[in-house]
Amino acid sequence: MKTLSITTLILALLFYLVDPTRACGEEVRVERSRPMMGTMVEITALGPDRDLCDRSVEQAFQEIEAVDRLMSSFKGDSQVSQLNRLAGKTWMVLDPEVLDVLEAAVLYSRLSEGAFDITVGPLLRLWGFYRDKGHLPSTQEIGQARSRVNYRDIEIDQPKGRARLKKPGMAIDLGAIAKGYAVDKAVEALKKKGIRKGLVNAGGDLYAFGRPEEKAPWLIGLQHPREREKVATVLEVEDRAVATSGNYERYFVLKGKRYTHILDPRTGWPIQGMASVTVMADSAMKADALATSVFVLGPQRGLALLNRLPGVEGIIVAEEGPGGKQLVPYFSKGLKGRVSLDF
Ligand code: AMP
Ligand code: MG
């Protein structure tokens, strides 16, 4: 009897030592948030010890910081700001990360037939989105700014690691794609450090990997487009990105009318009639760029785009009816009948 119990004990100890899932039972969870990229960035890492989680989360924040330093339009010394100052003049040698994002941006411009266009800089400036003070421009002003908006005038020379903006007065803005890219970089950093379960959320552009609990994936609440504290639905997410573009994120109100920060490059006007677009994809950069693209395209053309891309799903909330007061949801093929929104 005694021998048996010792054997059992040894066996149990052996099993304990080799059991690959052992970490689950005594896992630590480190959760931090910091204001970055004009939003609150939250990073969660689950792992076998606190020190590893701490170091990984710190490294992930640094990756985001580095992306912001290179790509922010609000930092005068970022590579994006420098490239804008050289518009119509000369080439600029850029970090590979910036070139990759420029190349991806041009790809999403083509995919969305110009709805997504990072050369909207002159329009954003004109409407006052850099001053945080809205201005209703004249038709003439819009026409002038619009003549400098065209993604085809971005020239990328990968072999020489450089790019240029062909026309004077052009300006790019990576606000619709850089956050997603930063999230992907942060996730990559966490994984490289050995973290297998985690979440990086840059103000609604997020990527969740692994499972926080053996039986349950990450649960991501989607904010109600009109009521900040309310959750419209909860999505189950595992090894996937979710990004949301909303008319409630940045906007100004003039004479009772709301002007959102997402512009139609073809008309030069802020998009009307859309409350929010949420896109799920295999990378946060893709989800981010597509959410903005679909926001510009609207429900019909937006759904058509989502439905023809493999592995991509989305939820569109349009503002319809008199005064745009009615919120109307549209779902991509894979979500239809599976998700409902609580308005
Ligand atoms: P997001 O919140 O990802 O939809 O990005 C919105 C931001 O992208 C805006 O604040 C602008 O900086 C920029 N932007 C606005 N309109 C467009 C557009 N049509 N294509 C690409 N970027 C845009
Ligand atoms: Mg976006």
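Residues numbered from 1 in each chain as written. Chains lettered and ligands numbered in written order. Predicted model: local features only at pLDDT ≥ 70, side-chain atom pairs only at ≥ 80, totals over all residues. Heavy atoms only, no water.

With respect to the coordination of the magnesium ion (ligand 2)
Here comes step 1: The protein atoms donating to the magnesium ion (ligand 2) are A176 (O), D288 (O), D288 (OD) and T292 (OG1), with metal-donor distances spanning 2.0 to 2.5 Å.
Here comes step 2: Within one chain, the residues serving as donors to the magnesium ion (ligand 2) are arranged as A-x111-D-x3-T. Taken together, the residues span a long stretch of sequence, with A176 in the loop between β5 (162-165) and α8 (178-192) and D288 in helix α9 (residues 284-308) at a distance of 112 residues.
Here comes step 3: The class of D288 is buried, set by a relative accessible area of 3%. (Donors = N, O, S within 2.8 Å, 3.2 Å for Na, K, Ca; no water. Helix = DSSP H or I, 4+ residues; strand = E, 2+ residues; numbered from the N terminus. Buried < 20%, exposed > 50% of the residue type's maximum accessible area, 1.4 Å probe, protein only.)

Considerations on the site of ligand 1
Here comes step 1: Surveying the vicinity of ligand 1 reveals 18 residues, the closest of which are D173, S245, H261, L263 and T292.
Here comes step 2: At 3.4 Å from an oxygen atom of ligand 1 is found a main-chain nitrogen or oxygen belonging to G175.
Here comes step 3: Compared with its free state, where it exposes 500 Å², ligand 1 has 97% of that area covered by protein.
Here comes step 4: If you tally residues by element for the shell around ligand 1, the top one is α9, at three residues.
Here comes step 5: A breakdown of the residues in the shell around ligand 1 according to their chemical character gives nine nonpolar, four polar and five charged. (Near = heavy atom within 4 Å. Polar contact = N/O pair within 3.5 Å; in protein donor to acceptor, adjacent residues only side chain to side chain. Areas by Shrake-Rupley, 256 points an atom, 1.4 Å probe, with all protein chains shown as cover. Nonpolar A, V, L, I, M, F, W, Y, C, P; charged D, E, K, R; others polar.)

Quick word on α9
Here comes step 1: Here α9 spans only 18 Å end to end across 25 residues, well under the 36 Å set by a 1.5 Å rise per residue.
Here comes step 2: Its axis deflected by about 135 degrees at G298, α9 carries its strongest bend there, up to four residues before the proline P299.
Here comes step 3: Within α9, 19 of the 25 residues are buried, which leaves it mostly tucked inside the rest of the structure. (Expected span 1.5 Å × (residues − 1). Bend = angle between axes of the 7 residues up to and from the residue.)

Observations concerning the packing of aromatic side chains
Here comes step 1: Enumeration over the complete set of coordinates arrives at six aromatic pairs.
Here comes step 2: Here the aromatic residues W127, F129, F252, Y259 and W269 are joined through ring pairs into a cluster of three or more.
Here comes step 3: For the cation-ring pair, R162 lies above W91, with the distance from its terminal atom to the ring centre recorded as 4.1 Å. (Phe/Tyr/Trp six-rings, centres within 6.5 Å; stacked < 30°, edge-to-face > 60°. Lys NZ or Arg CZ within 6 Å of the ring centre and 35° of its normal.)

Re the environment of M274
Here comes step 1: Residue position: M274 is located in strand β13 (residues 274-281).
Here comes step 2: Those residues in contact with M274, other than ones at most four positions away along the chain, are N247, V294, F295, G298, P299, I316, V317, A318 and E319. (Contact = heavy atoms within 4.5 Å.)

Overview of the pairing of strand β15 (residues 326-331)
Put simply, side chains in a regular strand alternate between the two faces of the sheet.
Here comes step 1: Examined bridge by bridge, strand β14 (residues 313-320) and β15 share six bridges and lie antiparallel to one another. Pairing of I315 across the sheet is with F331, part of β15.
Here comes step 2: Hairpin connection from β14 to β15: five residues lie between these consecutive antiparallel strands, with G321 at a positive phi of about 75 degrees. (Pairing = 2+ DSSP bridges.)

Topic: unusual backbone geometry
Here comes step 1: Phi is positive for M37, which is not a glycine, with a value near 50 degrees.
Here comes step 2: One can find M37 in the loop between β1 (28-36) and β2 (39-47).
Here comes step 3: M37 gets classed as buried once you look at its relative accessible area, which sits at 16%.
Here comes step 4: For K255, which is not a glycine, the phi torsion comes out positive at approximately 50 degrees.

Things to note about the nonpolar core
Here comes step 1: Counting 80 residues, the largest nonpolar core has M71, L174 and I177 as the members making the most contacts within it.
Here comes step 2: Broken down by element, this core gets its largest block of residues, 13 residues, from α9.
Here comes step 3: Discounting residues that sit within four places of it in the chain, M71 has contacts with S78, V80, E97, V98, V101, L174, A178 and Y181.
Here comes step 4: Counting 19 residues, the second-largest nonpolar core is a separate cluster that includes L235, A275, V317 and V339. (Core = buried A, V, L, I, M, F, W, Y, C linked by side-chain atoms within 4.5 Å.)

Remarks on the packing of α8 against α9
Here comes step 1: Direction vectors running N to C along α8 and α9 enclose 165 degrees, while the axes themselves pass 7 Å from each other. With respect to their mutual orientation, α8 and α9 come out roughly antiparallel. As for the relative orientation of α8 and α9, their crossing is right-handed in sense. Contacts from A178, K179, G180, Y181, V183 and D184 of α8 reach α9 at A284, M285 and D288.
Here comes step 2: Its residues placed into classes, the contact of α8 with α9 shows five nonpolar, one polar and three charged. (Axes fitted to C-alpha atoms, helices over the stretch in contact; angles between N-to-C directions. Parallel < 35°, antiparallel > 145°, perpendicular 65-115°, else oblique. Left-handed = near helix turned anticlockwise from the far one by under 90°.)

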